[in-house]
Amino acid sequence: MAIDPSLGRLWSSGTATTLLILLLTTAIAHLIRGWKRLQHIPGPQFASFSPAWIIKSLSSGQFHEELLKISNQYGPLVRIGSNDLLCTDPDVLRRMSAVRSQYTKGDFYETGRIIPGYNNIVCERDEEKHKALRASMNSAYQGRETGSLLGLEAAVDRQIEKLIALIEEKYVSEPGVLRPFELSAKSQFFALDVIGDHSFGKPFGFLSEDRDLFQYIEINDSAVPIMNMLQAMPWLSNIVYRWPFRLALPSDKDNAGFGRLMGLAKGHVDERLRPGAKPSQDMLQAFSNGGMTYDELIQHMFVQIVAGSITTAATIRHTLLALISTPTTYSRLRQEIDTFFASNPNTTTIPYTSALSLPYLQSVLHESLRFYPPTTGLGSKQVPPQGDIICGYAVPGGTQIAHNFSGIMRLKPIFGDDADVFRPERWLEADEAQKKAMHSVVDLAFGSGKYECMGKRIAMVELNKIFVELLRRYDFALVNPQKPIQVVSGIFWIGKDMWMRVTRRETF
Ligand code: HEM
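Each value, and the rule that gives it
Residues numbered from 1 in each chain as written. Predicted model: local features only at pLDDT ≥ 70, side-chain atom pairs only at ≥ 80, totals over all residues. Heavy atoms only, no water. Helix = DSSP H or I, 4+ residues; strand = E, 2+ residues; numbered from the N terminus. Buried < 20%, exposed > 50% of the residue type's maximum accessible area, 1.4 Å probe, protein only. Pairing = 2+ DSSP bridges. Contact = heavy atoms within 4.5 Å. Axes fitted to C-alpha atoms, helices over the stretch in contact; angles between N-to-C directions. Core = buried A, V, L, I, M, F, W, Y, C linked by side-chain atoms within 4.5 Å. pLDDT = per-residue confidence, 0-100.

Caption draft 1: Representation of unusual backbone geometry in the model. Notably, F214 is not glycine yet its phi reads approximately 55 degrees, a positive angle. Looking at where F214 falls in the secondary structure, it is placed in the loop between α8 (206-209) and α9 (216-232). Here the phi dihedral of Q215 falls at roughly 50 degrees; this positive angle occurs in a residue that is not glycine. Residue placement: Q215 occurs in the loop between α8 and α9. Accessibility expressed as a relative area gives 36% for Q215, which makes it partly exposed.

Here's what the structure looks like:
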């Protein structure tokens, strides 16, 4: 039977309209259902339907400030997305990451995947698998096979020596001669070479070559906006890791950037696993002894490079910036360092344990981690299926709870009414109970419990030594005090153009 063509057209346009209406109704119902789930939690109206607030705040380049502002305005639990809440209560953050907590890593951690199809310690969201990975890496991070603390200290000392040699060779200014020293890049060179030395038994050579090898930093910095977008819309990572987009992801065959460093990591792993290769005393050997497979080794060596360099480098430049901007702090710290070396004239590089006994240095480091928490991303955890009560609100299972690192570090009941000021003295003035409360919040800069940063000790050894060794030798001043540095915060801090005038101290 022949069908009247006009009837067919009528049918198809009628079906299309019905389908469209059905689709729209489903989408609106989905939006309303999503909005209703968390409608009892305060927050900007437009945040409750979409990731628009997160995207807008990330695009400001000052994400840490935006998170701080919104929690000051709405309180300790704020709705920042259709399924996202921002939490500024340190007890809740600690409870979510506690060893026996039923919370899991949230969608946010999808941004930590390096190779499609493989989960590393950062993006592994299966609790049992994550626990097993941590266990296999623990002894390496504790330094059991790398000569304990001594192996780590030796690696840090070697790279401090390299940094000082570089300053001596090219960057000491003299009267009438300015030899500008750009600290943002140099702090990354230092942190990357420490990771190379300690992890692979050999620094990458950033300090000795004094350049951004393989455009690593340049490409890394330009990848951060993409990671920011993935942080706002983690479901995008399911697309990014699929063909054809995955063809644009870094590969160990690349000549530059992430991929080139991945290639280097792979080369080191291949060499170490070669039959007859001599075992070494470094993290790679320790991971291998811990039972990691070939693919796991490559992934985790690379995680070290990324996780261990951006954060530590940001802390180095922020601390020096805070010191230069607070002359009383700068001179008090220098005084403490000078007194130490006056009583220990034969010490070449300060031992970690001696640095820990310098009270003002400790206050400066704690205050810097508080004032500039090195990670500024959301680090969201996922509420267990049965839901939870958070800050007095019922929160359904599956909701993503983001960490407000900047917010917790400025809590006045914990840090005092002048929490918005960089003032290391607060750590010396506090009584034991307050100091304990302050420490327990600042420690959260490294996460806590079952997700605590595995490289915390590596970072703390670097930070405890580097300022002592630099300030004992040199005076630092900003070349352009009006524009001390260009910084952007998103998932991490990115910094550039921190130009310094470095002069040799007369007393050294
Ligand atoms: C100042 C320096 C550093 C800071 C502030 C820092 C902070 C953090 C934070 C906030 C996390 C996430 C915690 C969470 O998911 O709740 C983390 C995880 C991690 N960090 Fe660090 N980090 C630093 C340096 C390092 C270094 C030097 C390394 C290694 C060389 C490292 C390796 C790791 C690893 C492997 C994880 C994943 C832990 C897990 O998921 O179980 N970090 N770090």
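Alright, that's what it looks like, and here's the rest.
Caption draft 2: Fine view of the sheet that holds strand β1 (residues 77-81). Spatial strand order, β1-β2-β8-β5-β3: five strands in an open sheet with mixed pairing. Looking at the sheet topology across the chains shown, the edges are occupied by β1 and β3 (104-105). In the sheet, β3 pairs with strand β5 (residues 381-382) via two bridges, with the strands oriented antiparallel. If you follow T104 over to β5, its bridge partner there is Q382. Running at roughly 130 degrees to β1, helix α3 (residues 63-74) makes contact with β1 and β2 (84-87) of the sheet.

Caption draft 3: Layout of the nonpolar core. Grouped together as the largest cluster of nonpolar side chains are 116 residues, with contacts concentrated most on L320, F476 and M500. Tallying contributions element by element places helix α13 (residues 294-325) first for this core, with 14 residues. Those residues in contact with F476, other than ones at most four positions away along the chain, are L320, I324, Y330, L470, L471, M500, R501 and V502. Counting residues in hydrophobic clusters, the runner-up holds 22 residues, among them L58, I80, L378 and A402.

Caption draft 4: Representation of the confidence of the model for the chain in the model. Across the chain, the average pLDDT comes to 90, with 93% of residues at or above 70. Interface predicted TM-score (ipTM) for the complex: 0.99; the corresponding pTM is 0.91.

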